[in-house]
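Chain by chain, the residues:
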Amino acid sequence: MRYLFAYLTSTGFAGFATSMQNMLVSWMLVGMLVLPADQAGLIQGAVAVPAIIALFWGGAIADRIDQRSLLIRIFGLAWLVPIAMAVCVFFEEFHVLTVVLFGLGMAVTNALSTPALQSILNRISEGRLQRTVSAATLIGFIVQIAALTLASFMELIGLTTVLITQGFCLVVAVLTITWVPKATLEPKLATSALTNIREGLKAARQSPVVLSVLTINFVALIFNAGAFNIVVPYMVKRIYDGSAADLGILMIVFYTGASLSNVIMLIAPQRFPGRLYIICQLTRAFVVALVWFAPGQTLLTALLFLWGLNMGMTSNLARTLIQEASPSQFLGRILSLFNLGMLVAIPIGVMTLGQIIEAFDTVTALIPAIVVSIGLFLAGLSVTQLWHYQSPN
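Predicted model, so just to flag it, every value in this text is computed and none were measured.

Participant: Explain the packing of helix α2 (residues 21–32) against helix α9 (residues 159–176) to me, and be specific about the residues and the numbers.
Facilitator: Across the interface, α2 lies against α9 with an axial gap of 12 Å and an inter-helix angle of 160°. As far as their axial angle goes, α9 and α2 are roughly antiparallel. In terms of crossing hand, the pair formed by α2 and α9 is left-handed. From α2, Gln-21, Leu-24, Met-28 and Met-32 reach across to α9, where they touch Leu-159, Val-162, Leu-163 and Gln-166.

Laid out in structure tokens, this is it:
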């Protein structure tokens, strides 16, 4: 139990540092540099390309070496990224290039560390994987709310203060991950990262449940997470004439809903998690359809809470299904594919939806999310085996 506490402490501080990243970069581009949506989307997409390579490599080595040692190295260097950005802001070197480098550094950090963090969770779960995943995800959302609360005050307390706090949290993360014991690894033949990736892809294709979740998750992220990451900031800026604090409030409400969903999952693990996962695709379509009407701020806030509730459910269920159904020897590599979906899909979404925003208007970019969510519900129900999947835990 103490190892789980050490793990959650480390992931909590690391999550605090990385979870504010989307809001920081989005508001730097949208609210501070005041770039149009098509340019902001292209920049956010370009930042993700090197991180994609890093994610594959991180997943491959997470199955071959001690994950704790890997995380010590990653977090031991990562704290320098926000500190360097704070120095740039202090010396008034705040422009597109510095924002790109900052976003790139944190994206690579997240890509390298995520597979190792998730692989450790399987090792210390003590046979209670659904509840352990729910607890870890809940902690993640709680610290995300705290991080977004801090970031939303960047115009009041200063961007430099926020960046220094981000670096400090990564220092604490590297100290606390040392409390987790090293893994006992069986000797393995040395193989290339490319070979490990191919093996992970082969293992994913051989499991219908894993392949279905990877596919649905990827498509959903393009149009739904992409919409949240670029449409919501531009709605705040252009439709509601809001500030960083207004965007922060909506994001806090969104992740509060996501946190509540994980409390529900922690209390009531699902015997048939695939069924709820499929249903969530349909309910999301109704929520996003109501956001499309650009209602008053009170109703918009309530809808963002429901959207977050749905997102928390789907994220938790997808991750649980992947971790339950994946062969243990390929778990790190399959988790890399799972995280690759987020890393690739969201930039594709923000680039595509950014073009739609500039070509038409802000809320029109929500229409693809509505249509795709309905399509994923129908496909999940009729094509995949998810409805009949029963949890072994």
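Participant: Can you break down the nonpolar core residue by residue, with the values?
Facilitator: Membership of the largest hydrophobic core comes to 99 residues, with the highest contact counts inside it found for Tyr-7, Leu-24, Phe-75 and Trp-307. Filtering out sequence-adjacent residues up to four positions away, Trp-307 remains in contact with Asn-224, Ala-227, Phe-228, Val-232, Phe-254, Arg-284, Val-287, Val-288, Val-291 and Leu-366. If you look at the next biggest cluster of nonpolar residues, it comprises 28 residues, including Met-313, Leu-321, Ile-334 and Phe-338.

Participant: Go over the side chain of Asn-229, please, and point to the residues and values.
Facilitator: Mapped onto the elements, Asn-229 comes out in helix α11 (residues 208–239). Of note is the side chain of Asn-229, whose polar atom sits 2.7 Å from the backbone oxygen of Ala-225. When neighbours within four sequence positions are excluded, Asn-229 is seen to be in contact with Asn-22, Ser-26, Ile-346 and Val-350.

Participant: Kindly report on the packing of helix α13 (residues 273–292) against helix α14 (residues 297–325), identifying the contributing residues and their values.
Facilitator: With their axes 9 Å apart at the nearest point, α13 and α14 run at an angle of 155° to one another. With respect to their mutual orientation, α13 and α14 come out roughly antiparallel. At the point where α13 passes α14, the crossing takes the left-handed sense. Taking contact as the criterion, the partners of Pro-273, Gly-274, Leu-276, Tyr-277, Cys-280, Gln-281, Thr-283, Arg-284, Val-287, Val-288, Leu-290 and Val-291 in α13 are, on α14, Leu-300, Leu-303, Leu-306, Trp-307, Asn-310, Met-313, Thr-314, Leu-317, Ala-318 and Leu-321. Among the residues forming the contact of α13 with α14, the class breakdown is 16 nonpolar, 5 polar and 1 charged.

Participant: Describe helix α1 (residues 2–19), and please don't skip the residues or the numbers.
Facilitator: The end-to-end C-alpha distance of α1 is 25 Å, a good match for the 26 Å that 18 residues give at a rise of 1.5 Å each. Across the 18 residues that make up α1, a large majority, 13, are buried.

Participant: Kindly report on the packing of aromatic side chains, identifying the contributing residues and their values.
Facilitator: The tally for this structure, following the rule as stated, stands at 7 aromatic pairs. Here Phe-90 and Phe-91 contribute two aromatic rings whose centre-to-centre distance is 5.2 Å and whose plane-to-plane angle is 90°, an arrangement assigned as edge-to-face. The same class applies to Phe-90 as to Phe-91, namely exposed. With a centroid separation of 6.1 Å and 85° between ring planes, the pair formed by Phe-228 and Tyr-255 is classed as edge-to-face. On the criterion of sequence distance, the pair formed by Phe-228 in helix α11 and Tyr-255 in helix α12 (residues 244–267) is long-range, its members being 27 residues apart.

Participant: Which residues make up the pattern of salt bridges, and what are the values?
Facilitator: Tallied over the entire structure, the rule returns 1 salt bridge. In this structure, Glu-358 engages Arg-238 in a salt bridge whose closest nitrogen and oxygen atoms are separated by 2.8 Å. With Glu-358 in helix α15 (residues 331–359) and Arg-238 in helix α11, the pair connects residues that are 120 residues apart, well separated along the chain.

Participant: I'd love a proper account of a nonpolar patch on the surface, names of residues and values included.
Facilitator: Nonpolar side chains collect at one region of the surface, where Leu-77, Trp-79, Leu-80, Val-171 and Leu-175 lie side by side and expose about 450 Å² of accessible area between them. Looking at the element boundaries, Trp-79 is found in the loop between α4 (67–78) and α5 (80–90).

Participant: Residues and numbers for α11, please.
Facilitator: When the terminal C-alpha atoms of α11 are compared, their 43 Å separation across 32 residues agrees well with the 46 Å that a helix rising 1.5 Å per residue should span. Remark: the principal bend of α11, roughly 45°, maps to Leu-221. Across the 32 residues of α11, 23 count as buried, placing the element largely inside the fold. Immediately downstream of α11, the backbone of Asp-241 shows phi near 50°, a positive value.

Definitions and limits used
For every chain, the first residue of the written sequence is number 1, and numbering continues from 1 onward in sequence order. It should be noted that, the model being predicted, local features are given only for residues of pLDDT at least 70 and side-chain atom pairs only at 80 or more, the latter also being counted only at that level, while totals for whole chains, interfaces and linings use all residues. Note: side-chain values were computed over all heavy atoms of the structure, leaving out hydrogens and water. Working convention: axes come from line fits to C-alpha atoms, limited for helices to the stretch in contact. Angles between N-to-C directions cover 0 to 180 degrees. Helix and strand definitions follow DSSP, with helices as H or I runs of at least four residues and strands as E runs of at least two, each counted in order from the N terminus. Each angle receives one of four descriptions, namely roughly parallel if under 35 degrees, roughly antiparallel if over 145, roughly perpendicular if within 65 to 115, and oblique otherwise. Note: crossing handedness is left-handed where the near helix turns anticlockwise from the far helix by less than a right angle, and right-handed where it turns clockwise. Should any heavy atoms of two residues lie within 4.5 Å, those residues are considered in contact. In plain words, nonpolar cores are sets of buried Ala, Val, Leu, Ile, Met, Phe, Trp, Tyr and Cys residues tied together by side-chain atoms within 4.5 Å. Residue exposure (1.4 Å probe, protein chains only): buried if accessible area is under 20% of the type maximum, exposed if over 50%, otherwise partly exposed. Here a polar contact is taken to be a pair of N or O atoms separated by no more than 3.5 Å, where protein atoms must pair a possible hydrogen donor with a possible acceptor and residues adjacent in sequence count only if both atoms sit in side chains. Any residue outside Ala, Val, Leu, Ile, Met, Phe, Trp, Tyr, Cys, Pro, Asp, Glu, Lys and Arg is labelled polar, Gly included; the first ten of those are nonpolar and the last four are charged. A helix is expected to reach a length of 1.5 Å times the quantity of its residues less one. Put simply, two rings from Phe, Tyr or Trp (the six-membered ring, in Trp's case) pair if the centres are within 6.5 Å, and we call them stacked under 30 degrees between planes, edge-to-face over 60, tilted for the rest. The term salt bridge refers to a pairing of a side-chain nitrogen on Lys or Arg with a carboxyl oxygen on Asp or Glu at a separation within 4 Å. Residues qualify for a patch when their relative accessible area is over 30% and they have no salt bridge, like charges being joined within 9 Å and the nonpolar side chains of Val, Leu, Ile, Met, Phe, Trp and Tyr within 5 Å. The Shrake-Rupley method, run with a 1.4 Å probe, gives the accessible areas here. Residue values count only the displayed protein chains as cover. Note that the bend at a residue is defined as the angle between axes fitted to the seven residues ending at it and the seven residues starting at it.

Everything listed is a geometric property; what it means functionally is a separate question.
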